[in-house]
Amino acid sequence: TNTPVSNAALIALTTAAQAQQRVSMGYDSAQGSHTEREFDPYGLAWRAGAWYALGMCHLRRGLRSFRLDRMGEVTLLEQHFERPADFDALEQLVQGIAGMPRGRSIEVLLHADLPTARRAFSLDFGLLEPVDDGVLLRSSADDLAWFARQLAGVPFGFEIRAPVELRAELARCATRLHAMATVAR
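A few points on the structure. Fair warning: this is a prediction, and the values are worked out from it, not measured in the lab.

About the cut-offs
Residues numbered from 1 in each chain as written. Predicted model: local features only at pLDDT ≥ 70, side-chain atom pairs only at ≥ 80, totals over all residues. Heavy atoms only, no water. Helix = DSSP H or I, 4+ residues; strand = E, 2+ residues; numbered from the N terminus. Buried < 20%, exposed > 50% of the residue type's maximum accessible area, 1.4 Å probe, protein only. Pairing = 2+ DSSP bridges. Phe/Tyr/Trp six-rings, centres within 6.5 Å; stacked < 30°, edge-to-face > 60°.

1. A look at unusual backbone geometry
Argument step 1. In this model, A162 is joined to P163 through a cis peptide bond whose omega is -5 degrees.
Argument step 2. Mapped onto the elements, P163 comes out in the loop between β9 (158-162) and α5 (164-182).
Argument step 3. Look at Q20: it is not a glycine, yet its phi comes out positive at around 50 degrees.
Argument step 4. Among the structural elements, Q20 can be located in the loop between α1 (4-19) and β1 (21-28).
Argument step 5. We classify Q20 as partly exposed; its relative accessible area is 24%.
Argument step 6. Notably, R61 is not glycine yet its phi reads approximately 55 degrees, a positive angle.
Argument step 7. Structurally, R61 can be placed in the loop between β3 (50-57) and β4 (62-67).

Printed below as a string of structure tokens:
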């Protein structure tokens, strides 16, 4: 949702990122709290229908991403910064979204190679790590039944390492699918 404020923020942040110039900005979190911060915008990325600015947040003293449609006024400051040489805004955003803590931590060993696993799951589904016997999917979810349904659709084998409750949800999903497949018409 682009508003005049987020459009102005996009222009200001693009300018600041190119000039490697610090900004001050207001920000409203998803929970509705408002903060004023100084921020070094390393780059911008478009993801899932929204623009994000990624860089060093001086309030939190760490790398952060901010949705532009939650920003107030963005003002360029006098201070300049040095962007890390290998910084990739989209990669940082994807890693940040995938690593966001949700209700339950999940680990699944996928019996596939990395390109096949990447085709099966969206970028923000979880972190994929090649291991000796496949690809380790690390994720988290509030709704294990939903996660089980996502796993049920992959075209390769897998082993649920954690949590054990995810195995029970997958079994319920399989029972439901089996009942639908065997119903007489």
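Having seen the model, we can carry on.
2. Some points on the pairing of strand β8 (residues 134-141)
Argument step 1. When you tally the buried positions in β8, you get seven out of eight residues, the bulk of the element.
Argument step 2. Relative to β8, strand β6 (residues 104-110) runs antiparallel, the two being bridged by seven bridges. When the bridges of β8 are listed, L110 appears paired with V135.
Argument step 3. Linkage of strand β7 (residues 127-131) to β8, two consecutive antiparallel strands, is achieved through a turn of two residues.

3. Brief notes about the packing of aromatic side chains
Argument step 1. On inspection of all chains with the given rule, the structure shows five aromatic pairs.
Argument step 2. Ring plane angle 70 degrees and centroid distance 4.8 Å describe the contact between Y27 and F66, whose orientation is recorded as edge-to-face. Remark: F66 occurs in strand β4 and Y27 occurs in strand β1; sequence separation between them is 39 residues.
Argument step 3. The exposure class of F66 is buried, given its relative accessible area of 3%.
Argument step 4. Geometrically, the ring pair formed by Y42 and F81 is tilted, given 5.6 Å between the ring centres and 45 degrees between the ring planes.

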